[in-house]
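Each chain, letter by letter, is given below.
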Amino acid sequence: MNNEHPVGFWSYTHRDDELDDGRIRRLAQSIGDEFEIITGEELKVFVDKKSIEWGDGWRIRIDTALTSSTFLIPIITPRYFKSQQCRREIITFAGHAASLGLDELLLPIHYVNVPELTDNKDEDEVIALIRKRQWVDWRELRLEDEKSPEYRKAINQLAARLSKILEESASVEAPPPVDLASEDDGPGFVEIMATAEAAMPRWVETLQSLTDVMTLVGSEMNWASQSFTESDSRNAGFAGRLRISQELAKRLDGPAQEMLTLGSKYSTELIDIDPAIISIIRYAAENKLNKEDKQSFREFFEILAGLIAATRANAPHMQAFAEGARSTAQSSRYIRPVMNILQAAIQHVIDGQTIIEEWDRLLKDVDDDPESPDEDVDE
């Protein structure tokens, strides 16, 4: 087993734990205890995400390339996917783990039934990330007495599985940093950078298209607001408002579907290329580069910085739009379905921003001093 101290980060919503009388936190403790019994070494489980210890431990592990002894264990419930913090944790960890060939270190526990996990619909990229993993089914076990033989046996099996994953991960070699001058058939950093470089203008264009559709939606909402006022002035009552709501739902159906398609494509592309971008940034941060390669990386990172700036400027508008859609959805059952689609579309963009913000954070560790010496670097 890896000589490094194994660590698990427990990702869950506090409300779920409260509603289940603290069983989620006790599950973490039970797994940690059982792991120590069967392996003879402690599994440090970080549980309280509000504590400095959780945040510091998380960043240290991420910034030291995770290592092969770090788990993220998300406790999957319907509420989990509504938590922005939980979604960020999944997306960030998955990108780093994939960049190192350590996908198995993301070990979801399906705690309360989430139908989308088994209906093979990939509209939500975070659910899709979970579905690709070999998650542990705890949906029936959570109803068992914690001291029952069935429950204790399941705890033992899960702890043993963690131990096995650690052993296997210790022998996994991270995808090697491809030599910039490699003659292999597989894509190297130059090819990856070229692919990302070509995609960045497309991502910015997608964001602009989303903004254009949002403007159209805003116009339709203004039409509805004015129509409500006119209807009320004629004393048309709730029947008049109902007709307007039905018409608004029809008008918004097309734009909402367009936004969902754009948002899904945008976030999916970002998730697909995320591990490669992380590898590129890490390579630049950890290796001395000759003058020519340093210039290539600098140019690429300048383009990346432009994408970061563009998306960051758009983020508050997207967030405000999502909150407006959420509020409007409460007004009528006819409007609610289309508003839900709009919220899902914006969620894709917010998830994509999580990836881009992580790139920005990692870029701060890249030494890009143009005056740094290159004499010791082999040409």
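This structure is a prediction, so every number in the text was calculated from the model and none was measured.

**Quick notes on the overall build of the protein chain**
Alright, step 1. Counting secondary structure elements, the protein chain contains 10 helices and 5 strands.
Alright, step 2. Within the protein chain, the fraction of its 379 residues that count as buried is 50%.
Alright, step 3. In the protein chain, the proportion of contacts linking residues at least 24 apart, taken out of those at least 6 apart, comes to 79%.
Alright, step 4. Of the accessible surface of the protein chain, which amounts to about 19300 Å², a share of 49% is contributed by carbon and sulfur atoms.

**Examining helix α6 (residues 149-170)**
Alright, step 1. End to end, α6 covers 32 Å across 22 residues, agreeing with the expected 32 Å (1.5 Å per residue, within 8%).
Alright, step 2. By the burial criterion, the buried members of α6 are Tyr151, Ala154, Ile155, Leu158, Ala159, Leu162, Ser163, Ile165, Leu166 and Ser169.
Alright, step 3. As for α6, its buried residues are in contact with α2 (23-39), β3 (70-76), β4 (109-110) and β5 (136-137).

**A closer look at empty space enclosed by the protein**
Alright, step 1. Enumeration over the complete set of coordinates arrives at 1 cavity of 30 Å³ or more.
Alright, step 2. Each pocket or cavity is described by its volume, and for the largest cavity that value is around 30 Å³.
Alright, step 3. Lining the largest cavity, in full, are Ile91, Thr92, His96, Asp274, Ile278, Thr354, Ile355 and Glu358.
Alright, step 4. When contributions to the lining of the largest cavity are tallied by element, the ones reaching two or more residues are α4 (84-99), α8 (237-286) and α10 (336-363).
Alright, step 5. In terms of residue class, the lining of the largest cavity is made up of 3 nonpolar, 3 polar and 2 charged.

**Re the confidence of the model for the protein chain**
Alright, step 1. Summing up the model confidence of the protein chain, the mean pLDDT is 84 and the portion of residues at 70 or higher is 89%.
Alright, step 2. Per-residue pLDDT, averaged within each element of the protein chain, yields its smallest value for helix α3 (residues 52-63) (78) and its largest for β4 (96).
Alright, step 3. This model gives residues 370-379 a pLDDT under 50, and the stretch forms 11 contacts once residues within four places in sequence are excluded.

**Some remarks on the side chain of aspartate 20**
Alright, step 1. Mapped onto the fold, aspartate 20 is located in the loop between α1 (14-19) and α2.
Alright, step 2. Engagement of the side chain of aspartate 20 in a polar contact is seen with the side chain of tyrosine 111, the distance being 2.4 Å.
Alright, step 3. Excluding anything up to four places from it in sequence, aspartate 20 contacts Tyr111 and Arg142.

**So, the side chain of arginine 23**
Alright, step 1. The topology assignment puts arginine 23 in helix α2.
Alright, step 2. When sequence neighbours within four positions are dropped, the list of residues in contact with arginine 23 reads Asp17, Tyr111, Leu141, Arg142, Leu143, Glu144, Glu146 and Tyr151.

**Things to note about the packing of aromatic side chains**
Alright, step 1. Overall, the coordinates contain 11 aromatic pairs when judged by the stated rule.
Alright, step 2. With centroids separated by 5.6 Å and ring planes inclined at 80 degrees, the aromatic side chains of tryptophan 138 and tyrosine 151 adopt a geometry described as edge-to-face. Here the residue tryptophan 138 occupies a position in the loop between β5 and α6, and tyrosine 151 occupies one in helix α6, the gap between them amounting to 13 residues. The residues tryptophan 138 and tyrosine 151 share a single accessibility class, namely buried.
Alright, step 3. Both rings, one in tyrosine 283 and one in phenylalanine 297, keep their centres 6.0 Å apart while their planes meet at 15 degrees; by these two values the pair is stacked. Here the residue tyrosine 283 occupies a position in helix α8, and phenylalanine 297 occupies one in helix α9 (residues 291-328), the gap between them amounting to 14 residues.
Alright, step 4. An aromatic cluster is built from Phe9, Phe46, Trp54, Trp58 and Phe93, whose rings are joined through pairwise contacts.
Alright, step 5. Sitting over the ring of tryptophan 223, arginine 251 keeps its end group 3.8 Å from the ring centre.

Calculation rules
Residues numbered from 1 in each chain as written. Predicted model: local features only at pLDDT ≥ 70, side-chain atom pairs only at ≥ 80, totals over all residues. Heavy atoms only, no water. Helix = DSSP H or I, 4+ residues; strand = E, 2+ residues; numbered from the N terminus. Buried < 20%, exposed > 50% of the residue type's maximum accessible area, 1.4 Å probe, protein only. Contact = heavy atoms within 4.5 Å. Areas by Shrake-Rupley, 256 points an atom, 1.4 Å probe, with all protein chains shown as cover. Expected span 1.5 Å × (residues − 1). 1 Å grid on protein atoms, 1.4 Å probe; cavity = no way out; pocket = protein on both sides within 12 Å on 5 of 7 lines; lining within 4 Å. Points joined across faces, edges and corners; volume = space filled by probe spheres on them. Nonpolar A, V, L, I, M, F, W, Y, C, P; charged D, E, K, R; others polar. pLDDT = per-residue confidence, 0-100. Polar contact = N/O pair within 3.5 Å; in protein donor to acceptor, adjacent residues only side chain to side chain. Phe/Tyr/Trp six-rings, centres within 6.5 Å; stacked < 30°, edge-to-face > 60°. Lys NZ or Arg CZ within 6 Å of the ring centre and 35° of its normal.

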